[in-house]
Amino acid sequence: QVQLVESGGGLVQPGGSLRLSCAASGSISSIGTMAWYQQAPGKQRELVAAITAGGSTYYEDSVKGRFTISRGNAKNTVYLQMRSLKPEDTAVYFCNAEEVVTFRGAHLDAWGQGTLVTVSS
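Note that the coordinates shown come from a computational prediction; the quantities given were computed from them, not determined experimentally.

Honestly, the packing of aromatic side chains in this entry has me stumped. Any pointers?
Considering all chains together, one arrives at one aromatic pair under this definition. Over the aromatic face of phenylalanine 94 sits the side chain of arginine 45, whose NZ or CZ is 3.6 Å from the ring centroid. Sitting over the ring of tryptophan 111, arginine 45 keeps its end group 4.8 Å from the ring centre.

Written out as C-alpha cells, the structure reads:
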C-alpha cells in the first residue's frame, strides 16, 4: 500500500508565502512524476505543477514565476514553494504520484488527502 501525506497548508495574507510538502510512504521501489493539483470551491481539480523523476518541471501559466516545485533527495517527497500568493490561489491542494512501482512489481497512481490553502486578508 502506498500513501501520500501532505502538510503545510494554512491561512496566509495576499503576497505571502507557504511551502507545501508531500511524503510518499509504503513499499515503494520508484516513483515517476510527482505533481500538485488544486481544487477551488465549485471547480474541477486542476494541475498546478509537476516534476519528473529526472527533474523536468511543468507549471500552469498562472503560477509561473511564483511557485516552485522540487523533489527531495530521496525522490519520494515533493515540495511546492508558493510565493506572492493571491486570493485566487485559495484551494485544496492535492499531491499526486504517477508510475509508482512497488517492490511487489505493482504499478499504480496515488493521491494525498489534500491540504487547504486560504489566501485572505
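Still to come is the rest of the account.
Sorry, what's going on with the sheet that holds strand S1 (residues 2–7) here?
The pairing of strands in a sheet comes from backbone hydrogen bonds and takes either a parallel or an antiparallel form. Judged by pairing direction, the sheet is antiparallel, and its four strands sit side by side in the order S1-S3-S9-S8 without closing on themselves. This sheet does not close on itself; its edge strands, each paired only once, are S1 and strand S8 (67–71). Adjacent strand axes in the sheet meet at a mean angle of 15°, parallel and antiparallel pairs treated alike. Of the pairings in the sheet, the one linking S1 to strand S3 (residues 18–26) comprises six bridges and is antiparallel in character. Opposite valine 2, over in S3, you have glycine 26 as the bridge partner.

Teacher, can you tell me more about the environment of aspartate 109 here?
Looking at the secondary structure, you find aspartate 109 in strand S11 (residues 107–111). Put simply, aspartate 109 and valine 2 are 107 residues apart on the chain and 8.9 Å apart in space, counted from C-alpha to C-alpha. Contacts of aspartate 109, omitting those with residues within four sequence positions, involve Ala97, Glu98 and Glu99. From its side chain, aspartate 109 meets the backbone nitrogen of glutamate 99 in a polar contact 3.3 Å long.

Help me understand the state of the cysteines, please; the structure alone is not making it clear to me.
Here a disulfide denotes a covalent bond joining the sulfur atom of one cysteine to the sulfur atom of another. In the structure shown here, the tally under the stated rule is one disulfide. Covalently, cysteine 22 is tied to cysteine 95 through a disulfide, its sulfur atoms 2.1 Å apart. With the S-S bond torsion at -80°, the cross-link from cysteine 22 to cysteine 95 turns out left-handed. Pair noted here: cysteine 22 is in strand S3 and cysteine 95 is in strand S10 (residues 91–102), with a separation of 73 residues, a long-range link. In terms of burial, cysteine 22 and cysteine 95 fall into one category: buried.

Explain the side chain of glutamate 6 here, please?
With respect to the secondary-structure elements, glutamate 6 resides in strand S1. It is arginine 45 that comes nearest to the buried, bridge-free glutamate 6 among opposite-charge side chains, at 7.5 Å. Within the structure, glutamate 6 has its side chain in polar contact with the backbone nitrogen of cysteine 95 (distance 2.7 Å). Reaching out from glutamate 6, the side chain makes a polar contact with the backbone nitrogen of glutamine 113 at a distance of 3.0 Å. Every residue in contact with glutamate 6, bar those within four places of it in the chain, is listed here: Ser21, Cys22, Trp36, Tyr93, Phe94, Cys95, Gly112, Gln113, Gly114 and Thr115.

Mind showing me how you'd approach the environment of proline 87 here?
Here proline 87 is to be found in the loop between strand S9 (77–82) and S10. In this structure, the C-alpha to C-alpha distance between proline 87 and asparagine 73, residues 14 residues apart in sequence, is 32 Å.

So, how was this worked out
Residues numbered from 1 in each chain as written. Predicted model: local features only at pLDDT ≥ 70, side-chain atom pairs only at ≥ 80, totals over all residues. Heavy atoms only, no water. Phe/Tyr/Trp six-rings, centres within 6.5 Å; stacked < 30°, edge-to-face > 60°. Lys NZ or Arg CZ within 6 Å of the ring centre and 35° of its normal. Pairing = 2+ DSSP bridges. Helix = DSSP H or I, 4+ residues; strand = E, 2+ residues; numbered from the N terminus. Axes fitted to C-alpha atoms, helices over the stretch in contact; angles between N-to-C directions. Contact = heavy atoms within 4.5 Å. Polar contact = N/O pair within 3.5 Å; in protein donor to acceptor, adjacent residues only side chain to side chain. Disulfide = S-S within 2.5 Å. Buried < 20%, exposed > 50% of the residue type's maximum accessible area, 1.4 Å probe, protein only. Lys, Arg positive; Asp, Glu negative; His and termini not counted. Salt bridge = Lys/Arg side-chain N within 4 Å of Asp/Glu carboxyl O.

On their own, these measurements won't tell you what the molecule is for.
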